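Each chain is listed here by its residues.
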Amino acid sequence: MAEPRKRTDAPVRFFDTAVITSAQNQEFSLSRSVTDHHLSQAHSPQVVVIGAGLAGLSCAVRLTQAGISTTVLEASDRVGGRVRSDIVDGFTLDHGFQVLATAYPACRELLDYSALRLSAFEPGALVRHRGGFVKLSDPWRRPSQILQTAFASVGTLGDKLRIAKLRRRASSGTLEQLYERTHQPTLQRLRSDGFSEAFIDQFFRPFLGGVFLDPSLETSSRMLELVFRMFAAGDLALPADGMAAIPRQLAELLPRGTVRLRQSVESIHDGIIQLTSGETLRPKTIVVAAESTAAAQLVGVPELATPWRQTVTHYFAADASPDRRRMLMLAGDEYPFAERTDSAPGVIGSVVVPSDVAPQYAPPGKALVSVSTTESADGEVSGASLHRVRDQLVRWFGEAASQWRHLRSYAVPYALPVQSLRNITPPLAHGNIVLCGDYCETPSIQGAMNSGLRAAEAARTL
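Description of the structure in this document.

The rules behind the values
Residues numbered from 1 in each chain as written. Predicted model: local features only at pLDDT ≥ 70, side-chain atom pairs only at ≥ 80, totals over all residues. Heavy atoms only, no water. Pairing = 2+ DSSP bridges. Helix = DSSP H or I, 4+ residues; strand = E, 2+ residues; numbered from the N terminus. Axes fitted to C-alpha atoms, helices over the stretch in contact; angles between N-to-C directions. Parallel < 35°, antiparallel > 145°, perpendicular 65-115°, else oblique. Contact = heavy atoms within 4.5 Å. Nonpolar A, V, L, I, M, F, W, Y, C, P; charged D, E, K, R; others polar. Buried < 20%, exposed > 50% of the residue type's maximum accessible area, 1.4 Å probe, protein only. Phe/Tyr/Trp six-rings, centres within 6.5 Å; stacked < 30°, edge-to-face > 60°. Lys NZ or Arg CZ within 6 Å of the ring centre and 35° of its normal.

1. Re the sheet that holds strand β8 (residues 118-120)
For step 1, the next point in the chain: Pairing is antiparallel across the open sheet formed by three strands, whose spatial order is β7-β11-β8. With one partner strand each, in any of the chains shown, β7 (100-101) and β8 form the two edges of the open sheet.
For step 2, the next point in the chain: Where β8 and strand β11 (residues 236-239) come together, three bridges link them in antiparallel fashion. Looking across to β11, one finds that Ser-119 is bridged to Leu-238.

2. Some points on the packing of helix α5 (residues 157-170) against helix α9 (residues 221-233)
For step 1, the next point in the chain: Following both chains from N to C, one finds α5 and α9 inclined at 90°, their axes separated by 8 Å at the closest point. In terms of orientation, α5 and α9 fall into the roughly perpendicular class. Contacts from Ile-163, Leu-166, Arg-167, Arg-169 and Ala-170 in α5 reach Leu-224, Glu-225, Phe-228, Arg-229 and Ala-232 in α9.
For step 2, the next point in the chain: Split into classes, the residues belonging to the contact of α5 with α9 amount to six nonpolar, no polar and four charged.

3. Let's talk about the pairing of strand β17 (residues 308-318)
For step 1, the next point in the chain: β17 sits mainly inside the fold: ten of its eleven residues count as buried.
For step 2, the next point in the chain: Pairing of β17 with strand β21 (residues 405-417) involves nine bridges; the strand directions are antiparallel. Paired with Thr-313 across the bridge in β21 is Tyr-410.

4. Quick look at the environment of Leu-187
For step 1, the next point in the chain: Tracing the backbone shows Leu-187 in helix α7 (residues 186-192).
For step 2, the next point in the chain: Distance from Leu-187 to Ile-200, taken between C-alpha atoms, is 8.1 Å for residues 13 residues apart in sequence.
For step 3, the next point in the chain: When residues no more than four places from it in sequence are discounted, the contact partners of Leu-187 are Ile-200, Arg-205, Ser-216 and Leu-217.

5. Considerations on the packing of aromatic side chains
For step 1, the next point in the chain: Within this structure, the stated rule accounts for 16 aromatic pairs.
For step 2, the next point in the chain: Cluster of aromatic residues (ring-pair linked, three or more members): Phe-195, Phe-199, Phe-203, Phe-204, Phe-207, Phe-228 and Phe-231.
For step 3, the next point in the chain: Cation over ring: Arg-128 sits above Phe-133, and NZ or CZ is 5.0 Å from the ring centre.

So, to be careful, I would describe these as geometric facts and stop short of saying anything about function.
Okay, structure coming up:
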(Lines give C-alpha, C1' and ligand atoms only; values in the text may rest on other atoms or scores of the structure.)
Protein backbone atom coordinates (compact mmCIF):
# COMPACT_ATOMS: atom_id res chain seq x y z
CA MET A 1 0.00 0.00 0.00
CA ALA A 2 1.06 3.57 -0.47
CA GLU A 3 2.25 5.27 2.65
CA PRO A 4 3.32 8.70 3.86
CA ARG A 5 6.96 9.27 4.70
CA LYS A 6 6.30 9.10 8.45
CA ARG A 7 4.37 5.97 9.25
CA THR A 8 3.16 4.89 12.63
CA ASP A 9 2.32 1.29 11.88
CA ALA A 10 4.75 -1.58 11.54
CA PRO A 11 5.15 -3.87 8.54
CA VAL A 12 4.61 -7.59 8.53
CA ARG A 13 7.57 -9.24 10.20
CA PHE A 14 8.82 -12.67 9.31
CA PHE A 15 11.27 -14.89 11.08
CA ASP A 16 13.04 -18.04 9.97
CA THR A 17 15.61 -20.42 11.30
CA ALA A 18 18.05 -20.00 8.43
CA VAL A 19 19.18 -17.29 6.05
CA ILE A 20 16.84 -17.16 3.05
CA THR A 21 18.72 -16.36 -0.17
CA SER A 22 17.16 -14.30 -2.93
CA ALA A 23 16.82 -17.43 -5.03
CA GLN A 24 14.99 -19.21 -2.24
CA ASN A 25 12.73 -16.24 -1.56
CA GLN A 26 12.01 -15.23 -5.13
CA GLU A 27 8.95 -13.11 -5.87
CA PHE A 28 6.56 -13.89 -8.67
CA SER A 29 7.20 -11.90 -11.86
CA LEU A 30 5.59 -8.47 -11.95
CA SER A 31 2.63 -7.74 -14.16
CA ARG A 32 3.21 -5.98 -17.46
CA SER A 33 1.01 -3.17 -16.07
CA VAL A 34 3.44 -2.54 -13.20
CA THR A 35 6.56 -0.42 -13.41
CA ASP A 36 8.96 1.31 -11.05
CA HIS A 37 9.70 4.20 -13.42
CA HIS A 38 9.69 7.74 -12.06
CA LEU A 39 6.60 9.82 -12.69
CA SER A 40 6.82 12.79 -14.99
CA GLN A 41 5.71 16.04 -13.40
CA ALA A 42 3.83 16.82 -16.60
CA HIS A 43 1.87 13.57 -16.43
CA SER A 44 -1.60 14.35 -15.13
CA PRO A 45 -4.07 11.47 -15.10
CA GLN A 46 -7.70 12.16 -14.32
CA VAL A 47 -7.55 9.99 -11.21
CA VAL A 48 -4.63 8.97 -9.00
CA VAL A 49 -5.18 5.99 -6.74
CA ILE A 50 -2.87 5.81 -3.73
CA GLY A 51 -2.30 2.19 -2.77
CA ALA A 52 -2.16 -0.99 -4.87
CA GLY A 53 -3.92 -3.29 -2.47
CA LEU A 54 -7.16 -5.03 -3.38
CA ALA A 55 -9.23 -1.87 -2.89
CA GLY A 56 -6.97 0.35 -4.98
CA LEU A 57 -6.56 -2.17 -7.79
CA SER A 58 -10.31 -2.87 -7.93
CA CYS A 59 -10.98 0.87 -8.12
CA ALA A 60 -8.41 1.31 -10.89
CA VAL A 61 -9.84 -1.58 -12.90
CA ARG A 62 -13.34 -0.11 -12.79
CA LEU A 63 -12.08 3.39 -13.69
CA THR A 64 -10.05 2.17 -16.67
CA GLN A 65 -13.00 0.10 -17.86
CA ALA A 66 -14.94 3.39 -17.93
CA GLY A 67 -12.21 5.01 -20.05
CA ILE A 68 -10.87 7.22 -17.25
CA SER A 69 -7.09 7.72 -17.25
CA THR A 70 -5.78 6.38 -13.95
CA THR A 71 -2.42 6.02 -12.22
CA VAL A 72 -1.89 3.84 -9.15
CA LEU A 73 0.92 4.81 -6.77
CA GLU A 74 2.35 2.02 -4.60
CA ALA A 75 5.05 2.67 -2.02
CA SER A 76 6.28 -0.92 -1.81
CA ASP A 77 7.91 -3.14 -4.42
CA ARG A 78 4.83 -5.22 -5.30
CA VAL A 79 1.06 -5.05 -5.53
CA GLY A 80 -1.35 -6.65 -3.09
CA GLY A 81 -1.08 -4.72 0.16
CA ARG A 82 -1.76 -7.23 2.93
CA VAL A 83 -2.43 -10.03 0.42
CA ARG A 84 1.05 -11.35 -0.26
CA SER A 85 2.85 -14.62 -0.86
CA ASP A 86 6.51 -15.63 -0.73
CA ILE A 87 8.32 -18.59 -2.24
CA VAL A 88 10.65 -20.27 0.25
CA ASP A 89 12.50 -23.44 -0.80
CA GLY A 90 9.75 -24.19 -3.31
CA PHE A 91 6.91 -23.70 -0.81
CA THR A 92 4.28 -20.97 -1.25
CA LEU A 93 3.77 -19.04 1.98
CA ASP A 94 0.93 -16.56 2.26
CA HIS A 95 1.39 -13.70 4.73
CA GLY A 96 -0.88 -15.18 7.36
CA PHE A 97 -3.46 -17.85 6.62
CA GLN A 98 -5.92 -16.49 4.05
CA VAL A 99 -8.51 -18.07 1.77
CA LEU A 100 -10.78 -16.88 -1.03
CA ALA A 101 -14.53 -17.28 -0.54
CA THR A 102 -15.70 -17.83 -4.10
CA ALA A 103 -19.18 -16.48 -3.32
CA TYR A 104 -17.89 -12.95 -2.67
CA PRO A 105 -19.81 -10.82 -5.22
CA ALA A 106 -16.93 -8.43 -5.93
CA CYS A 107 -14.59 -11.36 -6.56
CA ARG A 108 -17.07 -12.96 -8.94
CA GLU A 109 -17.38 -9.67 -10.77
CA LEU A 110 -13.67 -8.95 -11.23
CA LEU A 111 -11.72 -12.20 -11.00
CA ASP A 112 -11.22 -15.03 -13.48
CA TYR A 113 -11.45 -18.07 -11.23
CA SER A 114 -10.33 -20.52 -13.92
CA ALA A 115 -7.15 -18.51 -14.51
CA LEU A 116 -6.46 -18.53 -10.77
CA ARG A 117 -6.65 -22.35 -10.87
CA LEU A 118 -8.59 -22.52 -7.63
CA SER A 119 -8.69 -25.60 -5.43
CA ALA A 120 -11.40 -25.89 -2.79
CA PHE A 121 -11.30 -27.03 0.82
CA GLU A 122 -13.55 -29.87 1.89
CA PRO A 123 -16.57 -28.18 3.55
CA GLY A 124 -16.66 -28.54 7.31
CA ALA A 125 -14.01 -28.70 10.00
CA LEU A 126 -12.07 -31.09 12.22
CA VAL A 127 -12.47 -30.05 15.85
CA ARG A 128 -10.00 -31.05 18.58
CA HIS A 129 -11.94 -32.81 21.32
CA ARG A 130 -10.72 -34.95 24.21
CA GLY A 131 -7.37 -35.72 22.64
CA GLY A 132 -8.60 -36.42 19.09
CA PHE A 133 -10.34 -34.79 16.14
CA VAL A 134 -14.09 -34.83 15.60
CA LYS A 135 -15.33 -34.26 12.05
CA LEU A 136 -18.13 -31.76 11.52
CA SER A 137 -19.16 -31.88 7.86
CA ASP A 138 -21.43 -29.46 6.02
CA PRO A 139 -24.62 -31.54 5.68
CA TRP A 140 -25.98 -29.27 2.94
CA ARG A 141 -23.01 -30.15 0.74
CA ARG A 142 -22.30 -33.60 2.12
CA PRO A 143 -25.79 -35.04 2.79
CA SER A 144 -24.38 -38.54 3.26
CA GLN A 145 -22.63 -37.32 6.43
CA ILE A 146 -25.64 -35.65 8.04
CA LEU A 147 -26.11 -38.28 10.75
CA GLN A 148 -22.41 -38.44 11.59
CA THR A 149 -22.34 -34.65 12.02
CA ALA A 150 -25.66 -34.45 13.88
CA PHE A 151 -24.50 -36.89 16.55
CA ALA A 152 -20.84 -35.84 16.70
CA SER A 153 -19.58 -35.36 20.24
CA VAL A 154 -18.83 -31.67 19.68
CA GLY A 155 -22.03 -29.77 20.36
CA THR A 156 -25.54 -31.06 20.92
CA LEU A 157 -28.12 -31.98 18.31
CA GLY A 158 -29.82 -28.71 19.23
CA ASP A 159 -26.62 -26.82 18.40
CA LYS A 160 -26.56 -28.40 14.93
CA LEU A 161 -30.20 -27.42 14.34
CA ARG A 162 -29.42 -23.86 15.41
CA ILE A 163 -26.63 -23.79 12.82
CA ALA A 164 -29.28 -24.51 10.18
CA LYS A 165 -31.41 -21.63 11.47
CA LEU A 166 -28.42 -19.25 11.48
CA ARG A 167 -27.46 -20.29 7.96
CA ARG A 168 -31.02 -19.81 6.71
CA ARG A 169 -31.30 -16.29 8.14
CA ALA A 170 -27.84 -15.30 6.89
CA SER A 171 -28.73 -16.41 3.36
CA SER A 172 -32.00 -14.49 3.19
CA GLY A 173 -32.42 -11.07 1.60
CA THR A 174 -29.72 -8.99 -0.06
CA LEU A 175 -26.29 -8.05 1.27
CA GLU A 176 -27.50 -4.47 1.66
CA GLN A 177 -30.36 -5.69 3.84
CA LEU A 178 -27.94 -7.83 5.87
CA TYR A 179 -25.79 -4.76 6.57
CA GLU A 180 -28.85 -2.89 7.85
CA ARG A 181 -30.07 -5.56 10.27
CA THR A 182 -30.13 -4.97 14.00
CA HIS A 183 -26.81 -6.21 15.28
CA GLN A 184 -24.97 -7.06 18.47
CA PRO A 185 -21.62 -8.64 19.38
CA THR A 186 -21.30 -12.10 17.87
CA LEU A 187 -20.90 -13.76 21.28
CA GLN A 188 -24.11 -12.16 22.53
CA ARG A 189 -25.90 -13.18 19.34
CA LEU A 190 -24.80 -16.82 19.63
CA ARG A 191 -25.94 -16.95 23.24
CA SER A 192 -29.29 -15.35 22.42
CA ASP A 193 -29.73 -17.90 19.63
CA GLY A 194 -29.42 -20.63 22.26
CA PHE A 195 -26.08 -22.20 21.37
CA SER A 196 -24.51 -24.12 24.25
CA GLU A 197 -21.50 -22.58 25.94
CA ALA A 198 -19.45 -25.69 25.16
CA PHE A 199 -20.22 -25.41 21.43
CA ILE A 200 -19.44 -21.70 21.43
CA ASP A 201 -16.09 -22.39 23.12
CA GLN A 202 -15.07 -25.44 21.12
CA PHE A 203 -16.35 -24.50 17.65
CA PHE A 204 -17.30 -20.85 17.26
CA ARG A 205 -14.40 -19.33 19.20
CA PRO A 206 -11.59 -21.09 17.31
CA PHE A 207 -13.42 -20.92 13.96
CA LEU A 208 -14.65 -17.33 14.06
CA GLY A 209 -11.64 -16.31 16.15
CA GLY A 210 -9.56 -17.29 13.11
CA VAL A 211 -11.84 -15.60 10.58
CA PHE A 212 -12.34 -12.38 12.55
CA LEU A 213 -9.00 -12.54 14.42
CA ASP A 214 -11.21 -11.82 17.42
CA PRO A 215 -11.37 -14.71 19.90
CA SER A 216 -13.51 -12.59 22.23
CA LEU A 217 -16.22 -12.64 19.51
CA GLU A 218 -16.99 -8.96 19.98
CA THR A 219 -17.22 -8.58 16.18
CA SER A 220 -20.62 -7.49 14.86
CA SER A 221 -23.23 -10.20 14.27
CA ARG A 222 -23.58 -8.73 10.78
CA MET A 223 -20.12 -10.06 10.05
CA LEU A 224 -21.18 -13.41 11.48
CA GLU A 225 -24.08 -13.53 9.03
CA LEU A 226 -21.88 -12.40 6.13
CA VAL A 227 -19.45 -15.26 6.82
CA PHE A 228 -22.21 -17.87 7.01
CA ARG A 229 -23.84 -16.48 3.88
CA MET A 230 -20.64 -16.64 1.85
CA PHE A 231 -19.64 -20.07 3.14
CA ALA A 232 -23.12 -21.40 2.29
CA ALA A 233 -23.10 -19.99 -1.25
CA GLY A 234 -19.63 -21.00 -2.42
CA ASP A 235 -16.32 -22.67 -1.70
CA LEU A 236 -13.30 -21.70 0.35
CA ALA A 237 -10.40 -21.97 -2.05
CA LEU A 238 -6.73 -21.32 -2.68
CA PRO A 239 -5.20 -20.12 -5.96
CA ALA A 240 -2.52 -22.47 -7.31
CA ASP A 241 0.10 -19.69 -7.12
CA GLY A 242 -0.86 -18.42 -3.68
CA MET A 243 -3.16 -15.65 -2.52
CA ALA A 244 -0.88 -13.06 -4.13
CA ALA A 245 -2.20 -14.28 -7.49
CA ILE A 246 -5.41 -12.35 -6.78
CA PRO A 247 -3.92 -8.82 -6.79
CA ARG A 248 -1.57 -9.80 -9.63
CA GLN A 249 -4.56 -10.77 -11.75
CA LEU A 250 -6.22 -7.43 -11.01
CA ALA A 251 -3.01 -5.63 -12.00
CA GLU A 252 -2.96 -7.55 -15.29
CA LEU A 253 -6.33 -6.01 -16.17
CA LEU A 254 -4.79 -2.53 -16.19
CA PRO A 255 -3.03 -0.83 -19.10
CA ARG A 256 0.76 -0.96 -19.17
CA GLY A 257 2.36 1.44 -16.71
CA THR A 258 -0.82 2.12 -14.71
CA VAL A 259 0.70 0.86 -11.46
CA ARG A 260 3.88 2.66 -10.35
CA LEU A 261 5.87 0.86 -7.69
CA ARG A 262 8.19 2.48 -5.12
CA GLN A 263 6.24 5.74 -5.29
CA SER A 264 5.76 7.02 -1.74
CA VAL A 265 3.31 9.85 -1.12
CA GLU A 266 4.53 12.43 1.35
CA SER A 267 1.41 14.60 1.54
CA ILE A 268 -1.80 15.73 -0.08
CA HIS A 269 -2.56 19.45 0.08
CA ASP A 270 -5.10 21.49 -1.88
CA GLY A 271 -5.58 18.63 -4.33
CA ILE A 272 -1.86 18.30 -5.01
CA ILE A 273 -0.03 15.03 -4.36
CA GLN A 274 3.55 15.50 -3.17
CA LEU A 275 5.80 12.47 -3.60
CA THR A 276 8.84 11.84 -1.44
CA SER A 277 10.90 12.03 -4.66
CA GLY A 278 9.95 15.72 -4.94
CA GLU A 279 7.53 15.21 -7.81
CA THR A 280 3.97 16.51 -7.71
CA LEU A 281 0.69 15.50 -9.31
CA ARG A 282 -2.58 17.40 -9.58
CA PRO A 283 -5.28 14.98 -10.76
CA LYS A 284 -8.96 15.82 -10.96
CA THR A 285 -9.72 13.19 -8.30
CA ILE A 286 -7.61 11.38 -5.70
CA VAL A 287 -8.58 7.97 -4.36
CA VAL A 288 -6.82 7.11 -1.10
CA ALA A 289 -6.80 3.30 -0.95
CA ALA A 290 -4.16 3.06 1.75
CA GLU A 291 -4.93 1.33 5.04
CA SER A 292 -6.72 3.38 7.67
CA THR A 293 -3.67 4.61 9.60
CA ALA A 294 -1.90 5.91 6.49
CA ALA A 295 -5.16 7.33 5.11
CA ALA A 296 -5.73 9.27 8.32
CA GLN A 297 -2.29 10.83 8.02
CA LEU A 298 -2.56 11.66 4.32
CA VAL A 299 -6.02 13.18 4.52
CA GLY A 300 -5.46 14.83 7.88
CA VAL A 301 -8.50 13.21 9.49
CA PRO A 302 -7.30 11.32 12.59
CA GLU A 303 -10.73 9.74 13.11
CA LEU A 304 -10.13 7.53 10.07
CA ALA A 305 -7.49 5.52 11.93
CA THR A 306 -8.82 2.23 13.29
CA PRO A 307 -7.54 -0.30 15.80
CA TRP A 308 -6.13 -3.46 14.24
CA ARG A 309 -6.41 -7.16 14.84
CA GLN A 310 -3.29 -9.28 14.64
CA THR A 311 -2.16 -12.78 13.87
CA VAL A 312 0.94 -15.00 13.96
CA THR A 313 1.29 -17.84 11.47
CA HIS A 314 4.02 -20.49 11.38
CA TYR A 315 4.87 -22.62 8.36
CA PHE A 316 6.49 -26.05 8.46
CA ALA A 317 7.75 -28.42 5.77
CA ALA A 318 6.79 -32.07 6.32
CA ASP A 319 7.59 -35.26 4.42
CA ALA A 320 3.92 -36.25 4.55
CA SER A 321 0.62 -34.59 5.38
CA PRO A 322 -0.53 -35.12 8.98
CA ASP A 323 -4.17 -35.28 7.82
CA ARG A 324 -5.24 -35.49 4.17
CA ARG A 325 -8.90 -34.61 4.64
CA ARG A 326 -8.42 -31.06 3.26
CA MET A 327 -10.28 -29.50 6.19
CA LEU A 328 -9.51 -26.77 8.67
CA MET A 329 -8.39 -28.29 11.99
CA LEU A 330 -9.64 -26.25 14.96
CA ALA A 331 -8.17 -26.24 18.46
CA GLY A 332 -11.59 -27.06 19.94
CA ASP A 333 -11.37 -27.77 23.67
CA GLU A 334 -7.70 -26.72 23.67
CA TYR A 335 -8.46 -23.20 22.44
CA PRO A 336 -6.88 -20.81 24.95
CA PHE A 337 -9.66 -18.22 24.81
CA ALA A 338 -12.44 -20.63 25.68
CA GLU A 339 -14.16 -19.73 28.93
CA ARG A 340 -14.09 -23.39 29.94
CA THR A 341 -11.81 -26.08 28.55
CA ASP A 342 -11.68 -29.81 29.10
CA SER A 343 -8.01 -29.98 28.10
CA ALA A 344 -4.90 -27.95 28.80
CA PRO A 345 -5.03 -24.85 26.55
CA GLY A 346 -2.27 -24.34 24.01
CA VAL A 347 -1.29 -21.52 21.66
CA ILE A 348 -2.64 -22.97 18.40
CA GLY A 349 -5.92 -21.71 17.02
CA SER A 350 -6.05 -23.80 13.85
CA VAL A 351 -3.94 -25.91 11.51
CA VAL A 352 -4.34 -26.52 7.81
CA VAL A 353 -2.31 -28.33 5.16
CA PRO A 354 -2.49 -25.98 2.13
CA SER A 355 -0.64 -28.43 -0.10
CA ASP A 356 -3.44 -30.99 0.36
CA VAL A 357 -5.86 -28.41 -1.04
CA ALA A 358 -3.59 -26.88 -3.69
CA PRO A 359 -0.64 -29.25 -4.35
CA GLN A 360 1.32 -26.41 -5.98
CA TYR A 361 1.92 -24.95 -2.51
CA ALA A 362 4.66 -27.54 -1.87
CA PRO A 363 7.36 -29.28 -3.93
CA PRO A 364 6.57 -32.83 -5.09
CA GLY A 365 6.73 -35.34 -2.25
CA LYS A 366 6.46 -32.68 0.47
CA ALA A 367 3.66 -31.16 2.52
CA LEU A 368 3.20 -27.62 3.77
CA VAL A 369 1.67 -27.21 7.24
CA SER A 370 0.23 -23.81 8.22
CA VAL A 371 -0.28 -23.13 11.93
CA SER A 372 -2.30 -20.10 13.06
CA THR A 373 -1.82 -19.13 16.69
CA THR A 374 -3.24 -16.81 19.30
CA GLU A 375 0.19 -15.33 20.06
CA SER A 376 0.81 -11.59 20.15
CA ALA A 377 2.21 -10.15 16.94
CA ASP A 378 3.76 -7.17 18.71
CA GLY A 379 7.15 -8.75 19.30
CA GLU A 380 9.50 -11.16 17.61
CA VAL A 381 8.62 -14.83 17.42
CA SER A 382 10.95 -16.42 19.94
CA GLY A 383 12.45 -19.86 20.04
CA ALA A 384 10.41 -20.57 23.16
CA SER A 385 7.24 -19.70 21.26
CA LEU A 386 8.13 -22.08 18.45
CA HIS A 387 8.91 -24.76 21.02
CA ARG A 388 5.41 -24.43 22.53
CA VAL A 389 3.86 -24.64 19.07
CA ARG A 390 5.89 -27.71 18.14
CA ASP A 391 5.06 -29.45 21.44
CA GLN A 392 1.36 -28.98 20.75
CA LEU A 393 1.77 -30.23 17.18
CA VAL A 394 3.43 -33.38 18.52
CA ARG A 395 0.45 -33.94 20.84
CA TRP A 396 -1.89 -33.56 17.89
CA PHE A 397 -0.03 -35.46 15.17
CA GLY A 398 2.57 -37.64 16.88
CA GLU A 399 6.35 -37.69 17.01
CA ALA A 400 6.69 -37.05 13.25
CA ALA A 401 5.79 -33.40 13.89
CA SER A 402 9.01 -32.97 15.89
CA GLN A 403 10.90 -33.47 12.62
CA TRP A 404 9.00 -30.90 10.60
CA ARG A 405 11.31 -28.18 9.31
CA HIS A 406 10.35 -24.66 10.27
CA LEU A 407 10.22 -22.53 7.12
CA ARG A 408 9.10 -19.13 8.32
CA SER A 409 6.88 -17.35 10.82
CA TYR A 410 4.82 -14.26 10.00
CA ALA A 411 3.86 -11.81 12.72
CA VAL A 412 1.13 -9.59 11.28
CA PRO A 413 0.23 -6.84 13.75
CA TYR A 414 -1.98 -5.08 11.16
CA ALA A 415 -3.95 -7.96 9.71
CA LEU A 416 -7.59 -6.76 9.84
CA PRO A 417 -9.06 -3.39 10.80
CA VAL A 418 -11.58 -3.33 13.62
CA GLN A 419 -14.86 -2.34 11.96
CA SER A 420 -17.99 -1.87 14.03
CA LEU A 421 -20.34 -2.44 11.05
CA ARG A 422 -22.85 -0.13 12.68
CA ASN A 423 -23.52 1.08 9.17
CA ILE A 424 -22.09 0.57 5.71
CA THR A 425 -21.96 4.03 4.19
CA PRO A 426 -21.27 5.19 0.62
CA PRO A 427 -17.58 5.82 -0.14
CA LEU A 428 -16.23 8.58 2.07
CA ALA A 429 -15.40 11.82 0.25
CA HIS A 430 -13.16 14.64 1.47
CA GLY A 431 -13.01 17.43 -1.09
CA ASN A 432 -11.70 15.86 -4.29
CA ILE A 433 -10.52 12.83 -2.28
CA VAL A 434 -12.40 9.53 -2.13
CA LEU A 435 -11.47 6.98 0.51
CA CYS A 436 -11.74 3.21 0.19
CA GLY A 437 -10.48 0.07 1.86
CA ASP A 438 -11.87 -2.75 3.94
CA TYR A 439 -12.01 -0.41 6.95
CA CYS A 440 -14.74 1.48 5.05
CA GLU A 441 -16.90 -1.62 4.60
CA THR A 442 -16.20 -5.10 5.99
CA PRO A 443 -12.78 -6.45 7.06
CA SER A 444 -12.56 -9.00 4.27
CA ILE A 445 -11.49 -9.49 0.66
CA GLN A 446 -15.07 -8.69 -0.32
CA GLY A 447 -15.00 -5.49 1.73
CA ALA A 448 -11.74 -4.31 0.19
CA MET A 449 -12.66 -5.03 -3.41
CA ASN A 450 -16.24 -3.80 -3.17
CA SER A 451 -15.17 -0.57 -1.49
CA GLY A 452 -12.80 -0.05 -4.43
CA LEU A 453 -15.62 -0.57 -6.92
CA ARG A 454 -17.85 1.88 -5.06
CA ALA A 455 -15.04 4.41 -4.80
CA ALA A 456 -14.60 4.26 -8.59
CA GLU A 457 -18.25 5.14 -9.06
CA ALA A 458 -17.93 8.00 -6.59
CA ALA A 459 -14.75 9.27 -8.29
CA ARG A 460 -16.55 9.48 -11.62
CA THR A 461 -19.04 11.97 -10.15
CA LEU A 462 -16.53 14.36 -8.56
